[in-house]
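# Summary of structural features
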Amino acid sequence: MAFYRLTSSNRMRLLAFMCTGIICRAFHAPSLRMQRFDRFARYASSSSSSLIEMVLQNPKWPPTWPYSDEDFQRRDETDDAFFYEQPRLVYHIDEAAVQALTSYYATQLRDGMDVLDICSSWVSHYPKNFTGNKVVGLGMNEYELSQNPILTDYVVANLNKEPILPFEENSFDVVTCVVSVDYLNKPLQVFREIGRVLRPGGQCILSMSNRCFPTKAFQIWLQTSDIEHVFIAGSFFHYAGAFDAPESIDISPNPGRSDPLYIVKAHKKTI
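Starting afresh in each chain, residues are numbered from 1 along the sequence in its written order. For a predicted model such as this one, the threshold for reporting local features is a pLDDT of at least 70, and the threshold for listing and counting side-chain atom pairs is 80 or more; totals across whole chains, interfaces and linings nevertheless cover every residue. Side-chain measures were taken over the full set of non-hydrogen atoms in the model, leaving aside hydrogen atoms and water.

### Structural notes on the nonpolar core
In terms of nonpolar packing, the biggest core is built from 46 residues, with Leu116, Leu165, Phe191, Ile194, Leu206 and Phe243 touching the most fellow members. The way it works is that DSSP assigns letters per residue, a run of H or I at least four long becomes a helix, a run of E at least two long becomes a strand, and they are numbered from the N terminus. Tallying contributions element by element places helix α9 (residues 226-240) first for this core, with nine residues. Any two residues having at least one pair of non-hydrogen atoms within 4.5 Å are treated as being in contact. Sequence-distant contacts of Phe243, that is, excluding residues within four places in its chain, are made with Phe191, Ile194, Gly195, Leu198, Cys204, Phe237, Ala266, His267, Lys268 and Lys269. Put simply, buried Ala, Val, Leu, Ile, Met, Phe, Trp, Tyr and Cys residues joined by side-chain atoms within 4.5 Å make one nonpolar core. Relative accessibility thresholds used throughout: buried, under 20% of the residue-type maximum; exposed, over 50%; partly exposed, between the two (1.4 Å probe, protein chains only). Of all hydrophobic cores here, the second largest spans 24 residues; its members include Tyr105, Tyr126, Val178 and Ile251.

Rendered as structure tokens:
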């Protein structure tokens, strides 16, 4: 596992709580050190899949939002509309990972559901035989959205400029976001909005890999590892306040031979 030396005190504070019983980051003035626990020896030979799926099993969340504004800055802070103006009718993960994601969605989506795909594009990777009631895509490029055959409707919106989902409360059974959470520079506001538009018991499914547009991914993402990405994404659900405990699943189809693929998801609280 690759971990990176971090400089933000807020980031150190977050990762100091990333204690799943395997590895914990702890702040030891004036530098950051790795503390290994007794259980690490037991799991030293575990697969990366096991580690990914343990990250959110017993998280030690800081009591308040631990991030700074700096954590969500990007290398390219020009208007996102310019960056996404040119349609990109390509996959952003490889074919094996696409198939793994579609297979996973087949276990989660039922015909007749109302589904929202945020950061959407020309393809949502839902099963071809899925027949939703209302399937809405929200994204940055109108042409890409218009080419998505699964959508019944779409909305062009920039969540980094205005982190509001233009839908009524309790409108959707499922919200999905494919390899794009790392581009949201106002994640707390967006995840609160996801909680607002989901129906009680509905779920939000994030899929994540190790690819990105580095100039548009937020800073803390570029400075952390896949395992830490899972923890960071899970924290967005936690601090939004609308969700039950998040969970992480490794659905990587061919570890080491194709793109990794991780699911972080949570259900909206029913009370």
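### Details of the pairing of strand β4 (residues 134-139)
Looking down a regular strand, the side chains alternate between one sheet face and the other. For β4, the tally of buried residues reaches five of six residues, placing the bulk of the element in the interior. Sheet topology note: the strand β3 (residues 114-118)/β4 ladder contains five bridges and is parallel. In the strand pairing of β4, Leu116 is matched with Val136. Only strands joined by at least two bridges in the DSSP assignment are considered to pair.

### With respect to the confidence of the model for the chain
Values of pLDDT, which run from 0 to 100, indicate the predictor's confidence residue by residue. Counting all residues, the mean pLDDT for the chain is 83, and 80% of those residues have values of 70 or more. When the criterion is pLDDT under 50, residues 1-8 qualifies, and its contacts beyond four places in sequence or with other chains add up to 24 contacts.

### Describing the environment of Val98
Relative to the assigned elements, Val98 resides in helix α5 (residues 95-108). Measuring from C-alpha to C-alpha, the distance between Val98 and Asp259 comes to 9.3 Å, with 161 residues separating the pair along the chain.

### Considering the environment of Phe191
Looking at the secondary structure, you find Phe191 in helix α7 (residues 187-197). You can call Phe191 buried: its relative accessible area is 1%. Each C-alpha atom of the pair Phe191 and Phe243 lies 9.5 Å from the other, and the pair is 52 residues apart in sequence.

### Observations regarding the pattern of salt bridges
The working definition used for a salt bridge is a side-chain nitrogen of Lys or Arg within 4 Å of a carboxyl oxygen of Asp or Glu. Under the counting rule described, the total for this entry stands at six salt bridges. Here Arg74 ties to Glu77 by a salt bridge, and the two come within 3.2 Å at their closest N and O atoms. Salt-bridge contacts for Asp173 lead to Arg199; the nearest nitrogen and oxygen are separated by 3.1 Å. Of the two residues, Asp173 sits in strand β6 (residues 172-178) while Arg199 sits in strand β7 (residues 198-208), which places them 26 residues apart along the sequence. By sharing partners, the salt bridges in this structure join Asp114, Asp173 and Arg199 into a single network.

### Topic: the layout of surface pockets
Of the two site types, the cavity is a set of points on a 1 Å grid over the protein atoms alone where a 1.4 Å probe fits but cannot get out, and the pocket is an open set with protein on both sides within 12 Å along at least five of seven lines, each lined by residues with an atom within 4 Å of a point. Grid points are joined across faces, edges and corners, and a volume is the space filled by probe spheres set on the points. Estimated volume of the largest pocket: approximately 580 Å³. Mapped onto the lining of the largest pocket, the elements with two or more residues apiece are β3 and β4. Ten residues, namely Ala, Val, Leu, Ile, Met, Phe, Trp, Tyr, Cys and Pro, are considered nonpolar, four, namely Asp, Glu, Lys and Arg, are considered charged, and the remaining ones, Gly among them, are considered polar. Each residue belonging to the lining of the largest pocket can be placed in one class, and the counts come to 17 nonpolar, nine polar and five charged. Within this model, the second largest pocket holds a volume of roughly 270 Å³. Taken together, twelve residues line the second largest pocket, and the ones lying closest to its centre are Val123, His125, Tyr126, Lys128 and Pro149. By residue class, the composition of the lining of the second largest pocket is seven nonpolar, four polar and one charged.

### Quick look at the state of the cysteines
Cysteine sulfur atoms are paired as a disulfide whenever they fall within 2.5 Å. Going through the model one piece at a time under the given rule, you end up with zero disulfides. Looking at Cys119, it has no disulfide partner, and the nearest cysteine sulfur is the one in Cys177, 4.1 Å off.

### Description of unusual backbone geometry
The backbone of Cys119 sits at a positive phi, close to 55°, despite the residue not being glycine. Summarising the element assignment, Cys119 is placed in the loop between β3 and β4. With relative accessibility at 25%, the residue Cys119 sits in the partly exposed group.

### Remarks on the side chain of Thr176
Here Thr176 shows up in strand β6. Whenever a nitrogen or oxygen atom comes within 3.5 Å of another N or O atom, the pair is scored as a polar contact, on the condition that within protein one atom can donate a hydrogen and the other can accept it, and that pairs from neighbouring residues in sequence are kept only if both atoms are in side chains. Of the polar contacts made by the side chain of Thr176, one reaches the side chain of Tyr126; its length is 2.6 Å. Look past the residues within four positions of Thr176 in its chain and what remains in contact with it is Tyr105, Leu116, Asp117, Ile118, Tyr126 and Ile205.

### Looking at the sheet that holds β3
One open sheet accounts for seven strands, arranged β5-β4-β3-β6-β7-β9-β8; its pairing is mixed. Looking at which strands have only one partner, the edges of the open sheet turn out to be β5 (153-156) and β8 (247-250). Put simply, the sheet's adjacent strands are angled 20° from each other on average, direction ignored. Across the sheet, α5 is in contact with β6, β7, β8 and β9 (262-267); its angle to β7 comes to roughly 170°. Simply put, an axis is a line fit to the C-alpha atoms, just over the touching stretch for a helix, and the angle between two N-to-C directions goes from 0 to 180 degrees.

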